[in-house]
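Residues per chain are reported as follows:
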Amino acid sequence: MVQQTVVDETRRPPAIVAVEGVVKRFGRFTALNDINLSVRAGEKIVLCGPSGSGKSTLIRCINHIETHDSGRIVVDGVELTDRMGDINTVRREVGMVFQSFNLFPHLSIVENCMLAPMKVRGLSRAQAHERARGFLRKVRIHDQADKYPGQLSGGQQQRVAIARALCMQPKIMLFDEPTSALDPEMVKEVLDIMVELARDGMTMVCVTHEMGFAREVADRVVFMDHGAIVEEADPETFFRAPRTERARDFLGQIIH
Amino acid sequence: MNSLDFSIVLQAWPYLWSGLLFSLALTAVAFVVGMVLGTCFALLQHFEVPVIAKIVRGYIALVRSIPLILVLFWFFFLVPIVLGHLSGSGRPVPIGATWTAFITFGLFEAAYYSEIIRVGLRAVNRGQFEACQALALSTFETYRSVIMPQVLRVASPIILSQTIILFQDTSLVYVLSLTDLLGAASKLAQLNGRLVEMYLVIVVVYLAISSAASQGVALLRKRYAIAGARR
């Protein structure tokens, strides 16, 4: 029972991410059950739902960190199959930010940002360094460039993780609960960066429970439960008048 | 033999020195061969390469259950016969004591280093692999630039222990009539009846080398320490 707002497809830019009938199982547990989602270039989507609803699994399928069992996922014109070449083509254009940052602890902040551009994009050390400096400035952490991840706070580490992903100059950014592992006072500094990124026109798919962020930047809120998309609406509609009982329950729990 | 007389050690020094050099050379070669092969073995298991991973597992289980001294022995006597059969002539192809020692130690240590690296690989957080995937790093770059540097840092104290044990185990080459540091000392000690002096000096040499190695690794660890890491 998917409820969608009717849109005039002809006036919209084509989808940069198309998820069609995707099913994902972990053993006997169905994590994703016939998911259909399309994301247009420049669109910002917030995925929310109770834990175990499949939202993280869904975005992890978009860059093939998780493999889907059936259905189709097409990212920027490339269908994700088992072919490693295609998978890496997609991954080059899709940046990801994890809940637990996953910075490389043995590399300095700037080296964290330089590694993939050098090894994957073929940039020289100097080019990669310049680019890393630029994005570290953008996330306002350039003065810590020579420190190591373990020397930074959680909020700073997550901003570095965003810069590291941006250094690959991706077309799409995926955020998997980027503020869930942070102390409350550090959430804002990360969200501020994400809002700026949204203003710059980045295509973003964010799994988050930060409803303020969703209201501010999301074009669409996608609500999931039990591996299915239950409701899809613009944030104003979703928060003011959720159509399904499950969405109402969920919002009742997270908004105090 | 009531008083200690260390002059004998001075006279014997050139012989002890050549024994020490052999021990060090054998340790160095076995370390390099063992680490390279051992890392390959660990990665083959880590990637669960069909069939080969099982063979490697079996090899490691076998090697670890046999004393090194027996392996040396069998290698020295059996491999020439096997080589003879393979070459078709049927006559044993002798490989010599020195080659036997270097090859056997390398293959033997590979099994132990492999286990150390394998455990180290498991200690690396899954998120590190996912971050590499998300950045489209190739498998080779993932391991070369991200995973192995962390594994080697975690495993370095155990690798050091294993290498010190290896250095001490070089004394087993006496079964091949090769002369290492301990072998040289014991031959001389029995020749001139100065066992106590000789063995005292040898203890000091072993102690000096082992603690120098520990100091060296401690320095390396400090130099390559991960700043801010909670270890």
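Look up: the structure comes first, before these words.
Predicted model, so just to flag it, every value in this text is computed and none were measured.

Chemist: Is there a simple way to think about the layout of surface pockets in this case?
Modeler: If a probe the size of a water molecule is rolled over the atoms, the empty space left behind becomes visible. Residue and element names in this part refer to chain B. Approximately 830 Å³ is the volume attributed to the largest pocket. As for the largest pocket, its lining consists of 27 residues, and the residues nearest its centre are Leu152, Ser156, Val217, Leu220 and Arg221. Listing elements by their share of the lining of the largest pocket, those giving two or more residues are α1 (7–46), α6 (139–169) and α8 (195–223). Of the residues forming the lining of the largest pocket, the biggest block, 10 residues, is contributed by α6. Considering only residue class, the lining of the largest pocket consists of 19 nonpolar, five polar and three charged.

Chemist: Honestly, empty space enclosed by the protein in this entry has me stumped. Any pointers?
Modeler: Summed over all chains, the structure comprises one cavity of 30 Å³ or more. As a volume, the largest cavity reaches approximately 90 Å³. Gly95, Met96 and Ala165 of chain A together with Ala134 and Leu135 of chain B are the residues nearest the centre of the largest cavity, which is lined by 13 residues in total. Listing elements by their share of the lining of the largest cavity, those giving two or more residues are α2 (84–93), β6 (94–97) and α5 (154–166) of chain A together with α5 (126–134) of chain B.

Chemist: Looking at this structure, how should I read the interface of chain B and chain A?
Modeler: Facing the 21 residues of chain B at the interface are 23 residues of chain A. Among the residues of chain B in contact with chain A, Ala134, Leu135 and Ala136 of chain B are the three that bury the most area, contributing 28% of the side total. One can count one salt bridge joining chain B with chain A. Measuring nitrogen to oxygen at the nearest pair gives 2.8 Å for the salt bridge that ties Arg60 of chain A to Glu130 of chain B. At the surface where chain B touches chain A, the tally comes to four residue pairs in polar contact (both at pLDDT 80 or more). Here the side of chain B that touches chain A gets eight residues from one element, more than from any other, and that element is α5 of chain B. When its residues are assigned to classes, the side of chain B that touches chain A shows 10 nonpolar, six polar and five charged.

Chemist: Looking at this structure, how should I read unusual backbone geometry?
Modeler: Trans peptide bonds make up most of the peptide bonds, and negative phi angles are found at most residues other than glycine. Positive phi, normally seen in glycine, also occurs at Asp34 of chain A, with a value near 55°. For Asp34 of chain A, the position within the fold is in strand β2 (residues 29–40). A residue is classified by how much of its surface remains accessible, and Asp34 of chain A, at 47% relative accessible area, is partly exposed. A positive phi angle, close to 60°, is found at Ser177 of chain B, a residue other than glycine.

Conventions adopted
- Residues numbered from 1 in each chain as written.
- Chains lettered and ligands numbered in written order.
- Predicted model: local features only at pLDDT ≥ 70, side-chain atom pairs only at ≥ 80, totals over all residues.
- Heavy atoms only, no water.
- 1 Å grid on protein atoms, 1.4 Å probe; cavity = no way out; pocket = protein on both sides within 12 Å on 5 of 7 lines; lining within 4 Å.
- Points joined across faces, edges and corners; volume = space filled by probe spheres on them.
- Helix = DSSP H or I, 4+ residues; strand = E, 2+ residues; numbered from the N terminus.
- Nonpolar A, V, L, I, M, F, W, Y, C, P; charged D, E, K, R; others polar.
- Contact = heavy atoms within 4.5 Å.
- Buried area = accessible area lost by both parts, 1.4 Å probe.
- Salt bridge = Lys/Arg side-chain N within 4 Å of Asp/Glu carboxyl O.
- Polar contact = N/O pair within 3.5 Å; in protein donor to acceptor, adjacent residues only side chain to side chain.
- Buried < 20%, exposed > 50% of the residue type's maximum accessible area, 1.4 Å probe, protein only.

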